[in-house]
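Each chain is listed here by its residues.
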Amino acid sequence: MKKFRRQGRLIRKQQLQPISKGEFGVIGVDSAKNTAWTERHFNSLGDAKAYVDKLPISRIDYYVHSNNNRVEYTRKGKANG
């Protein structure tokens, strides 16, 4: 049986797919009560960031994440509320 030697080839990474519309979620986290919830979903990152920035300052931390669960934007709440 003849042995074959494989030639080295570069591993091609798959290109990331563009984020489709409606794939940005706003999550609220209340560390004092140990709870988390999904606030809303948005079509664009800009809309989600604008929504979070308009919310009143409280002890709630807000995170905007994309469809691959990557946090794109964060706004931390006050420690005292």
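Per-chain numbering applies: the sequence of each chain, read as written, is numbered from 1 onward. Local features in this predicted model are restricted to residues whose pLDDT is 70 or higher, and side-chain atom pairs enter the listing and the counts only when it is 80 or higher, whereas totals over whole chains, interfaces and linings include all residues. Only hydrogens and water are removed before side-chain values are computed, so all heavy atoms of the structure are retained for them.

1. As for the sheet that holds strand E2 (residues 35-42)
At least two DSSP bridges between two strands are needed for those strands to be called paired. By the criteria applied, helices consist of DSSP H or I runs no shorter than four residues and strands consist of E runs no shorter than two, each listed in order from the N terminus. Spatial strand order, E2-E1-E3-E4: four strands in an open sheet with antiparallel pairing. Unpaired on one side and paired on the other, E2 and strand E4 (71-75) mark the two borders of the sheet. Ignoring which end each strand starts from, the neighbouring axes of this sheet average 20° apart. Where strand E1 (residues 24-30) lies against E2, seven bridges are found, and the strand directions are antiparallel. Residue pairing in the sheet places Gly28 in a bridge with Trp37 of E2. Contact criterion: two residues are considered in contact whenever any of their non-hydrogen atoms come within 4.5 Å of each other. The axes used here are C-alpha line fits, helices contributing only the stretch in contact, and every angle between their N-to-C directions lies in the interval 0 to 180 degrees. Running over the sheet, helix H1 (residues 45-54) touches E1, E2, strand E3 (61-65) and E4 and is turned about 15° from E4.

2. Quick notes on unusual backbone geometry
With a phi angle near 60°, Asn34 is a residue other than glycine that sits in the positive phi range. Its place among the elements puts Asn34 in the loop between E1 and E2.

3. Quick notes on the confidence of the model for the protein chain
The pLDDT averaged across the protein chain works out to 80; a share of 70% of its residues lies at or above 70. pLDDT is defined as a per-residue confidence score from the predictor, taking values between 0 and 100. The low-confidence segment residues 15-19, where pLDDT is below 50, has three contacts with residues more than four positions distant or belonging to other chains.

4. Things to note about the packing of aromatic side chains
Put simply, two rings from Phe, Tyr or Trp (the six-membered ring, in Trp's case) pair if the centres are within 6.5 Å, and we call them stacked under 30 degrees between planes, edge-to-face over 60, tilted for the rest. In this structure the tally under the stated criterion is one aromatic pair. Two thresholds decide whether a charge sits over a ring: the Lys NZ or Arg CZ must be within 6 Å of the ring centre and within 35 degrees of the ring normal. Lying over the aromatic face of Tyr51, Arg40 brings its terminal NZ or CZ to 5.2 Å of the ring centre.

5. As for the pairing of E4
The pairing of E3 with E4 spans four bridges and is classified as antiparallel. Residue His65 lies in a different strand from E4, and its bridge partner there is Val71. Hairpin geometry of E3 and E4 is characterised by an intervening segment of five residues between the two adjacent antiparallel strands and by a positive phi of about 60° at Asn69.

6. Some remarks on the side chain of Asp61
Its place among the elements puts Asp61 in strand E3. We note that Asp61 is buried and unpaired, the nearest opposite charge coming from Lys76 at a distance of 4.2 Å. Looking at Asp61, its side chain comes within polar contact range of the main-chain nitrogen of Gly77, at 2.7 Å. With sequence-adjacent residues up to four places away left out, Asp61 is seen in contact with Ile27, Gly28, Val29, Ser31, Arg75, Lys76 and Gly77. A 1.4 Å probe rolled over the protein chains alone gives each residue an accessible area, and that area as a share of the maximum for its type sets the label: buried under 20%, exposed over 50%, partly exposed in between. Counted charges follow a simple rule, with Lys and Arg positive, Asp and Glu negative, and His plus the chain ends left uncounted. The rule for a salt bridge is simple: a side-chain nitrogen of Lys or Arg has to be within 4 Å of a carboxyl oxygen of Asp or Glu. Polar contact criterion, stated in full: a pair of N or O atoms within 3.5 Å, where within protein one must be able to donate a hydrogen and the other to accept it, and residues adjacent in sequence count only if both atoms are side-chain atoms.

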